[in-house]
Amino acid sequence: MAPILSIDRVTKYFAGLTALKEVSFDLQPGGIYGLIGPNGAGKTTLLSILAGSIQPTSGTVVFQDRNVTGAKSFAMAQAGIVRTHQVPRPFRALSVLENVEVGVRFGRSQGSAGDLWDARRILEWVGIAHLADAPSVTLSVGDQKRLELARALATRPSLLLCDEVCSGLTEPETASVLRLLRKIQDAGTTILYVEHNLKAIMSVSHHVIVMNFGEKLAEGSPEAVQSDPSVIAAYIGRTA
Amino acid sequence: MNGAGKSGASARPRFAFAVAPLLLLAVLAALPAFSLGPNTVRLLFVTLVWVTISIAWNILGGFGGQVSFGFAVFYGLGAYTAALSVNSGVNSILSLLLAASVAVLASMLVGLPTFRLRGPYFAIATIGVSEAVRVVMTNVSMTGGASGYRIIETRPFHQLEHFYAALALAVVAVAVSMQVRHSKFGLALIAIREDEEAASDLGVNPYRTKLLAHALAAALTGAAGGVFAQYAAFIHPQGVFAFGIGVAILLMPIIGGIGTVWGPVIGAVVYGLIQEELIASFPQLHLLIYGSLLILIVLFEPAGIVGIARQIVPRLRARMEG
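In every chain, residue numbers begin from 1 and rise along the written sequence. Chain labels run from A onward and ligand labels from 1 onward, assigned in the order the entries are written. Residue-level local features of this predicted model are given only where pLDDT is at least 70; pairs of side-chain atoms are given and counted only at 80 or more, and the full residue set underlies all totals for whole chains, interfaces and linings.

1. Details of the overall build of chain A
Summing up its helical and strand segments, chain A has 9 helices and 10 strands in all. When we talk radius of gyration, it's over C-alpha atoms, and the globule rule is simply 2.2 Å times the number of residues to the 0.38. Relative to a compact globule of 240 residues, whose C-alpha radius of gyration would be 18 Å, chain A shows 18 Å and is just as compact. Counting only C-alpha atoms, chain A reaches 60 × 40 × 40 Å along its principal axes. Exposure criterion: with C-beta atoms placed from backbone coordinates, a residue whose C-beta has 20 or more other C-beta atoms within 10 Å is buried, one with 12 or fewer is exposed, and one in between is partly exposed. Buried positions account for 48% of the 240 residues belonging to chain A. Here, residue contact means that the backbone-derived C-beta atoms of the two residues sit within 7 Å. The long-range share in chain A, meaning contacts at least 24 apart out of those at least 6 apart in sequence, stands at 66%. Every helix listed is a DSSP run of H or I at least four residues long, and every strand listed is a run of E at least two residues long, numbered separately from the N terminus.

In structure tokens form, the structure reads like this:
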């Protein structure tokens with residue numbers, strides 16, 4: 001199967017600091033990919049490059065056989081790659097429903113008239129339909145995370161980039177968001193998921209990519225990665 | 001999108017809000033029947049010009065959150081373009097279209113380099129551009145420089161003609177503003193105002209949206225400048241390009257209620273009427289009053305007069321019903 005996303009030697013410098021160094025990997029369609037690594041490993045930088053929030057210094061990003069290297073975030077969203085933010089960023093003046101409308105009307109779903117893909121259905125799907133008319137600022141953290149996901153899904157992505165979607169959530173909330181991610185995967189969306197919560201990411205991903213100091217350290221199944229000595233060293237620290 | 005799912009209790013005031021503007025419009029349109037004095041008509045004319053410009057500023061600044069101090073540029077360029085084209089024999093409606101077009105061009109020149117930047121750069125740039133244009137126009141000999149430019153009138157002056165031109169333009173502005181508020185374009189502007197990065201993440205092109213809003217606002221402001229010039233028949237750079245005009249344009253929607261359809265209208269009426277009355281009797285006092293009003297609104301009710309009304313009306317209704 002052709003990969004949905006293929007990145008090749010992606011590198012990013014910030015004023016002399018190397019945030020990412022020649023990172024390459026492929027994502028196959030339909031999977032949940034976990035992206036882990038210690039603080040400062042470059043996970044969010046990589047996610048931001050894939051989302052078009054920042055542009056890589058060098059390297060290429062190929063999405064669904066299209067070279068999208070350096071495209072702006074709105075172009076990425078219209079191509080089918082969308083991100084969520086670690087700290088939810090609702091449009092405060094808009095209602096929950098109107099927040100989702102932005103994704104419906106400007107993402108890839110735009111123009112598909114007659115489609116049943118409307119904002120209310122998406123809210124139902126993520127479980128906050130009862131909050132549709134509430135001002136987005138009144139939502140709890142858990143519901144804000146759901147709104148963040150709903151808004152992203154409204155653009156009809158093929159690849160969903162989730163940045164720490166479980167941070168700040170309680171155990172039951174985390175479990176319910178993870179169920180939601182599986183549901184999104186079942187609906188055919190590929191997910192690349194950055195998370196600090198190792199337990200959460202190991203339980204939900206079928207394939208994990210480990211980063212350290214801006215480089216890819218290892219990748220493989222959750223079990224294989226967990227027993228990889230270089231990964232253990234990166235997390236616990238080298239003793240040798 | 002906005003009214004969906006609201007209870008029936010609010011249906012009546014909504015209806016009243018829809019009818020009130022139409023009533024007001026009917027009264028304004030029937031104005032000649034009241035045989036008002038020329039001074040009153042002049043006051044109404046000026047107020048309607050302000051209404052148009054206040055609405056225009058609000059499209060970019062209120063819905064889109066892009067604060068401009070430079071709308072005097074569009075107002076002045078519109079005024080000069082209309083004056084020059086009327087003097088070259090162009091009919092008055094076409095001259096207003098030309099005025100709008102020149103203002104749109106100017107909006108592109110300002111917006112193309114500055115809307116790519118985030119933060120206050122656009123606002124700062126508009127201050128610089130506004131002053132630069134005023135200085136240039138003060139020194140352009142073709143338009144009389146600092147001493148101003150006169151429209152040579154070839155036919156008798158009918159005050160009501162100008163009043164109706166201003167009224168028609170204000171109605172167009174209100175219609176445009178309502179349309180924008182409930183359109184896909186308006187949703188993009190509000191999303192950009194709230195969080196430009198998040199809006200872009202969802203597929204909104206911020207650069208193009210801001211340029212369009214700027215152009216639309218400039219077109220209305222330029223046309224309003226043209227309407228004013230045709231009435232005044234004499235314009236000069238210190239009048240139409242004054243930095244104070246640019247600030248006044250921004251005060252009106254803020255006083256009335258930023259980001260709403262009717263706030264800018266109310267703000268312009270308050271500004272137009274009070275200013276005209278006060279400036280004659282107390283030349284300095286009106287600035288003091290505006291300054292105080294602005295501070296009070298920013299401190300206590302950022303949604304302006306419309307916001308105050310939204311707080312008071314439900315309480316009054318509750319008292320009357322209870």
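2. Looking at the pairing of strand β4 (residues 58-63) of chain A
Residues and elements named next belong to chain A. Any two strands between which DSSP finds at least two bridges are classified as paired. Strand direction decides the pairing type here: strand β1 (residues 5-14) and β4, joined by 5 bridges, are antiparallel. Residue pairing in the sheet places Leu5 in a bridge with Phe63 of β4. The pairing of β4 with strand β5 (residues 66-67) spans 2 bridges and is antiparallel. Bridge pairing links Phe63 to Arg66 in β5. Counting the residues in the hairpin turn of β4 and β5 gives 2 residues, including Gln64, whose phi is positive at 45°.

3. Structural notes on the pairing of strand β2 (residues 17-27) of chain A
Residues and elements named next belong to chain A. Direction of pairing for β1 relative to β2: antiparallel, over a ladder of 7 bridges. Paired with Val10 across the two strands is Val23, which belongs to β2. Remark: 2 residues form the turn of the hairpin made by β1 and β2, two consecutive strands paired antiparallel; Ala15 in that turn has positive phi of roughly 40°.

4. Examining unusual backbone geometry
All names here are of chain A. Residues other than glycine seldom take positive phi values, yet Arg9 does so here, at roughly 50°. Of note in this structure, Glu164 is not a glycine but carries a positive phi near 50°. A count of 21 C-beta atoms within 10 Å places Glu164 in the buried class.

5. With respect to the sheet that holds β5 of chain A
Residues and elements named next belong to chain A. In space, the 4 strands of this open sheet follow the order β2-β1-β4-β5, with antiparallel pairing throughout. If you trace the sheet from one side to the other, it starts and ends with β2 and β5, each paired once. Note on definitions: angles span 0 to 180 degrees between N-to-C directions of axes, and those axes are lines fitted to C-alpha atoms, for helices only across the stretch in contact. Set on the sheet, helix α1 (residues 43-51) makes contact with β1, β2 and β4; between it and β2 the angle comes to about 65°.

6. Describing the packing of helix α3 (residues 96-106) of chain A against helix α5 (residues 141-153) of chain A
A packed helix pair is summarised by two numbers, namely the angle formed by the two axes and the spacing between the axes. All names here are of chain A. Between α3 and α5, whose axes approach to 7 Å, the crossing angle comes to 35°. Facing α3, whose interface residues are Val96, Asn99, Val100, Val102 and Gly103, α5 presents Leu147, Ala150, Arg151 and Ala152. Classification convention: Asp, Glu, Lys, Arg as charged; Ala, Val, Leu, Ile, Met, Phe, Trp, Tyr, Cys, Pro as nonpolar; all other residues, Gly among them, as polar. For the contact of α3 with α5, the residue count by class is 6 nonpolar, 2 polar and 1 charged.

7. What to know about the domain arrangement of chain A
It is common to give the size of an interface as the accessible area that goes away when the parts come together. Residues and elements named next belong to chain A. Under the domain assignment used here, chain A contains domain 1 (1-80 + 157-240) and domain 2 (92-156). Residue ranges for the domains originate in an automatic or database domain assignment. A C-alpha centroid distance of 24 Å is found between domain 1 and domain 2. Residue-level contacts link 12 residues of domain 1 with 11 residues of domain 2. Every element with two or more residues in the side of domain 1 that touches domain 2 is listed here: α2 (73-79) and α6 (171-186).

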